[in-house]
Amino acid sequence: SAVISQKPSRDICQRGTSLTIQCQVDSQVTMMFWYRQQPGQSLTLIATANQGSEATYESGFVIDKFPISRPNLTFSTLTVSNMSPEDSSIYLCSALTGTNYEQYFGPGTRLTVT
Amino acid sequence: RKEVEQDPGPFNVPEGATVAFNCTYSNSASQSFFWYRQDCRKEPKLLMSVYSSGNEDGRFTAQLNRASQYISLLIRDSKLSDSATYLCVVNSPEAGSYQLTFGKGTKLSVIP
């Protein structure tokens, strides 16, 4: 398994600003992901954070809005840019580990945009 | 569109009851299957992987039927602490993406 921490745990931000969320894993992992979970909904994959190269984004998500960094095998950041109230959500980092492609999740960042 | 479908519930069961959740998936190329548990306002936590031969972990039993593209989770002797949302999750490693597809979850409430 992997132990994953995220910072901040929550934030309230004004429309038009940006927030960077940090994700730290306690061991080196091959793949890291960023998800979003709206209230009462399931998880939606935003992108795969690739070490040393550009992130791979899912349909509906673009780099200009959600730039991602992954400078090494234990750390990644997600920035939510030019925020609007529709970006209010929980953002979750996860890491892929294990021989059965199990993913473990960070505690999430609860973002509210006013 | 690749989908994972679950009965959203809620399932309200008394302590000690046995409860079963079902899940179907649409992508026949799916290779790995999981049940996650998510408590209110918390992150999903891996409950168990689901293997073709079926597997058991204490009070929890998971089964996979590839022919029917169907996964199940059985909880015996339910405890109050089992109250949570149970997510059926399928991994479809196409093009090296290792993407997880989540069901919307089945909510379980175990009542005293």
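The structure this text deals with has already been given above.
Quick summary incoming for the structure in this document.

## Observations concerning the packing of aromatic side chains
Part 1: Counted by the stated rule, this structure contains 12 aromatic pairs over all chains.
Part 2: For the pair Phe11(B) and Phe21(B), a centre-to-centre distance of 5.3 Å together with 85 degrees between the ring planes defines the contact as edge-to-face. In this pair, Phe11(B) sits in strand E2 (residues 11–14) while Phe21(B) sits in strand E3 (residues 19–25), placing the two residues 10 residues apart along the sequence.
Part 3: For Phe11(B), a relative accessible area of 22% puts it in the partly exposed group.
Part 4: For the ring pair Tyr36(B) and Phe102(B), a centre distance of 6.0 Å and an interplane angle of 50 degrees mean the geometry is tilted. With Tyr36(B) in strand E4 (residues 32–38) and Phe102(B) in strand E10 (residues 99–102), this residue pair connects regions lying 66 residues apart in the sequence.
Part 5: Residue Tyr36(B) is classed as buried on the basis of its relative accessible area of 0%.
Part 6: By the ring-pair criterion, three or more aromatic residues cluster together here, those being Phe33(A), Tyr35(A), Phe105(A), Phe34(B), Tyr36(B) and Phe102(B).

## Notes on the sheet that holds strand E7 (residues 60–65) of chain B
Residues and elements named next belong to chain B.
Part 1: Strand order in the open sheet formed by five strands is E1-E3-E8-E7-E6, and the pairing between neighbours is antiparallel. In this open sheet, the two edge strands, each paired with only one partner strand, are strand E1 (4–6) and strand E6 (55–57). Averaged over neighbouring strand pairs, the angle between their axes works out to 20 degrees when direction is ignored.
Part 2: The sheet contact formed by E7 and strand E8 (residues 70–75) spans six bridges and is antiparallel. Residue pairing across strands places Phe60 opposite Ile75, the latter belonging to E8.

## Some points on the state of the cysteines
Residues and elements named next belong to chain A.
Part 1: Tallied over the full model, the rule gives two disulfides over all chains.
Part 2: Here Cys23 is linked by a disulfide to Cys93, with a sulfur-sulfur distance of 1.8 Å. Judged by the sign of its S-S torsion, about -65 degrees, the cystine formed by Cys23 and Cys93 is left-handed. Highlighted residues: Cys23 in strand E3 (residues 19–25) and Cys93 in strand E9 (residues 89–97), separated in sequence by 70 residues.

## Some thoughts on the pattern of salt bridges
Residue and element names in this part refer to chain B.
Part 1: Overall, the coordinates contain five salt bridges over all chains when judged by the stated rule.
Part 2: Of the charged contacts, one joins Asp39 and Arg37 as a salt bridge, the two residues approaching to 2.9 Å between their closest N and O atoms.
Part 3: Here Glu56 and Arg76 are joined by a salt bridge, their closest N and O atoms 3.5 Å apart. Here Arg76 lies in the loop between E8 and strand E9 (84–92) and Glu56 lies in strand E6, a separation of 20 residues in the sequence.
Part 4: Take Arg76: its relative accessible area is 26%, and that puts it in the partly exposed class.

## A closer look at the interface of chain B and chain A
The accessible area lost on association of the parts is a frequent measure of interface size.
Part 1: At the interface, 20 residues of chain B touch 20 residues of chain A.
Part 2: Here chain B is connected to chain A by zero salt bridges.
Part 3: The set of elements that each furnish at least two residues to the side of chain B that touches chain A consists of E4, strand E5 (44–50), E9 and E10 of chain B.
Part 4: Ranked by residues supplied to the side of chain B that touches chain A, first place goes to E4(B) with four residues.
Part 5: For the side of chain B that touches chain A, a count of residues per class yields nine nonpolar, eight polar and three charged.

Analysis parameters
Residues numbered from 1 in each chain as written. Chains lettered and ligands numbered in written order. Predicted model: local features only at pLDDT ≥ 70, side-chain atom pairs only at ≥ 80, totals over all residues. Heavy atoms only, no water. Phe/Tyr/Trp six-rings, centres within 6.5 Å; stacked < 30°, edge-to-face > 60°. Helix = DSSP H or I, 4+ residues; strand = E, 2+ residues; numbered from the N terminus. Buried < 20%, exposed > 50% of the residue type's maximum accessible area, 1.4 Å probe, protein only. Pairing = 2+ DSSP bridges. Axes fitted to C-alpha atoms, helices over the stretch in contact; angles between N-to-C directions. Disulfide = S-S within 2.5 Å. Salt bridge = Lys/Arg side-chain N within 4 Å of Asp/Glu carboxyl O. Contact = heavy atoms within 4.5 Å. Nonpolar A, V, L, I, M, F, W, Y, C, P; charged D, E, K, R; others polar.

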